[in-house]
Amino acid sequence: MNMFSLEGKIALVTGASYGIGFAIAKALSKAGATICFNDLKQEFVDKGLAAYEAEGIKAHGYVCDVTDEAAVNALVAKIEAEVGVIDILVNNAGIIKRIPMCEMSAAEFRQVIDVDLNAPFICAKAVIPAMIKKGHGKIINICSMMSELGRETVSAYAAAKGGLKMLTKNICSEYGHYNIQCNGIGPGYIETPQTAPLREIQPDGSRHPFDLFLMGKTPAERWGQPDELGGPAVFLASDASNFVNGHILYVDGGILAYFGKQP
Ligand code: NAP
Ligand code: GCO
């Protein structure tokens, strides 16, 4: 089981004050990794540090906008000086805008692409040189069902997450010979603040129409929990996956395998 150990490893999980990033960082910590994370505001970094402490985890928190290349390079340099060279990068920070495409402005489209696709490029580019020097590295990009499927109102998000799938494969192709593995995790529908609008109870007390629709598209017939992404993340961050590269591991309760419940 040592192959799943992350003892002595340093992980940067972006946007990990709460939600999926927090759950993944918790799992990496329990496998032995030292956790570094960032968020946009000190208020959220502080809340995140308290949440990690409540789990018995002494995390390192930093304010950093992942779309700002200079800030990301400064963050990586600060972590290297204060904690050590980053062995594991989890590109988790992300946003979504649910707007019909023809009602979405180009600025709104660009904002989603900036956070969900340009930022993972910026962060990966910031950590790869030191990974090459160290002789190993793990990059995990948080993809989505929308890396494979489209749906109404999420054009920018789907374009970004589809691009992130291919960026994952390209980092694998370009840096695999330096013993760097770059893989993706594609969560299904997970209970976090990002998806809370899709689970809102309706004024008449009924479940959200999308919530009910999703149950018919998910063999597990339930939403996923953030903690259910922890095991897949530990696998992709550890020596257990040293010959797994360019792969998107879908953690979706079977959605992508399922045609949908028969009427
Ligand atoms: P969430 O609850 O909305 O959390 C997103 C995190 O990213 C927040 O901490 C947010 O910080 C941070 N963030 C956003 N923009 C940032 C920026 N420019 N710089 C730094 N941090 C930034 O989302 P989630 O549901 O945990 O999702 C996490 C990742 O999983 C995202 O990439 C999402 O696309 C992906 N995903 C989610 C699901 C799902 O069902 N929930 C499924 C598939 C994939 P603030 O709090 O300061 O805004
Ligand atoms: C949506 C949801 C999804 C999830 C996730 C599914 O509006 O369809 O937000 O996009 O966030 O990406 O894998």
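Residues numbered from 1 in each chain as written. Chains lettered and ligands numbered in written order. Predicted model: local features only at pLDDT ≥ 70, side-chain atom pairs only at ≥ 80, totals over all residues. Heavy atoms only, no water.

Below, the discussion takes up the packing of helix α3 (residues 69-82) against helix α4 (residues 106-134). The interhelical angle for the contact between α3 and α4, taken along N-to-C directions, is 35°, at an axis separation of 9 Å. Between α3 and α4 lies a crossing whose hand is right-handed. Contacts from E69, V72, N73, V76 and E80 of α3 reach α4 at I122, C123, K125, A126, V127 and A130. In terms of residue class, the contact of α3 with α4 is built from 7 nonpolar, 1 polar and 3 charged. (Axes fitted to C-alpha atoms, helices over the stretch in contact; angles between N-to-C directions. Helix = DSSP H or I, 4+ residues; strand = E, 2+ residues; numbered from the N terminus. Left-handed = near helix turned anticlockwise from the far one by under 90°. Contact = heavy atoms within 4.5 Å. Nonpolar A, V, L, I, M, F, W, Y, C, P; charged D, E, K, R; others polar.)

With respect to spatial proximity, 28 residues lie near ligand 1, and among them Y18, D39, N92, Y157 and T192 are the closest. Here I20 contributes a backbone N or O atom positioned 2.9 Å from an oxygen atom of ligand 1. Elements that contribute at least two residues to the shell around ligand 1 include exactly α1 (19-30), β2 (34-39) and α5 (155-175). (Near = heavy atom within 4 Å. Polar contact = N/O pair within 3.5 Å; in protein donor to acceptor, adjacent residues only side chain to side chain.)

Close to ligand 2 lie 14 residues, the nearest being R98, S144, R151, Y157 and Q194. P187 places a polar main-chain atom, nitrogen or oxygen, 2.8 Å from an oxygen atom of ligand 2. Out of a free accessible area of 330 Å², ligand 2 has 96% covered by protein chains. (Areas by Shrake-Rupley, 256 points an atom, 1.4 Å probe, with all protein chains shown as cover.)

With that settled, the discussion passes to the side chain of K138. The topology assignment puts K138 in strand β5 (residues 137-142). D239 is the oppositely charged side chain nearest to the buried, salt-bridge-free K138, at an N-O distance of 5.5 Å. A polar contact is formed between the side chain of K138 and the side chain of N242, at a distance of 2.8 Å. Not counting chain neighbours up to four residues away, the residues in contact with K138 comprise D87, I88, L89, M131, Q181, L236, A237, S238, S241 and N242. (Buried < 20%, exposed > 50% of the residue type's maximum accessible area, 1.4 Å probe, protein only. Lys, Arg positive; Asp, Glu negative; His and termini not counted. Salt bridge = Lys/Arg side-chain N within 4 Å of Asp/Glu carboxyl O.)

So, about the packing of aromatic side chains. Applying the stated criterion across every chain, the model contains 7 aromatic pairs. Measuring from centroid to centroid gives 5.8 Å for Y189 and W223, while their planes differ by 85°, and the two rings are edge-to-face. Residue Y189 is located in the loop between β6 (180-187) and α6 (209-215), and its partner W223 is located in the loop between α6 and α7 (230-237); the two are separated by 34 residues in the primary sequence. The residue whose ring lies beneath R199 is W223, and the NZ or CZ to ring-centre distance is 4.9 Å. (Phe/Tyr/Trp six-rings, centres within 6.5 Å; stacked < 30°, edge-to-face > 60°. Lys NZ or Arg CZ within 6 Å of the ring centre and 35° of its normal.)

Moving on, we get to the environment of Q42. By the secondary structure assignment, Q42 is in helix α2 (residues 42-54). Residues Q42 and Y62 lie 20 residues apart in sequence; the distance between their C-alpha atoms is 7.6 Å.

Only a minority of non-glycine residues have a phi that is not negative, and only a minority of peptide bonds are not trans. If you check the backbone angles, N179 has positive phi at about 65° while not being a glycine. Mapped onto the elements, N179 comes out in the loop between α5 and β6. Take N179: its relative accessible area is 34%, and that puts it in the partly exposed class. Positive phi values are uncommon outside glycine, yet E221 reaches one of about 55°. Mapped onto the elements of the fold, E221 is located in the loop between α6 and α7. Overall, the relative accessible area of 45% leaves E221 in the partly exposed class.

With that settled, the discussion passes to the packing of α1 against α2. Closest axis-to-axis distance for the α1/α2 pair is 11 Å, and the angle between their directions is 40°. Comparing their axes, α2 and α1 come out oblique. Judged by the sense of rotation from one axis to the other, the crossing of α1 with α2 is right-handed. Here G21, F22, A25 and K26 of α1 come into contact with α2, specifically with G48, A51 and Y52. Along the lines of polarity and charge, the residues of the contact of α1 with α2 split into 4 nonpolar, 2 polar and 1 charged. (Parallel < 35°, antiparallel > 145°, perpendicular 65-115°, else oblique.)

Turning next to the sheet that holds strand β7 (residues 248-251). Within the open sheet, the 7 strands sit side by side as β3-β2-β1-β4-β5-β6-β7. Their pairing is parallel. Two strands in the sheet have a free side with no partner beyond their single neighbour: β3 (60-63) and β7. Each strand of the sheet is rotated relative to its neighbour by a mean of 20°, with strand direction disregarded. The sheet contact formed by β2 and β3 spans 4 bridges and is parallel. Pairing of F37 across the sheet is with G61, part of β3. (Pairing = 2+ DSSP bridges.)

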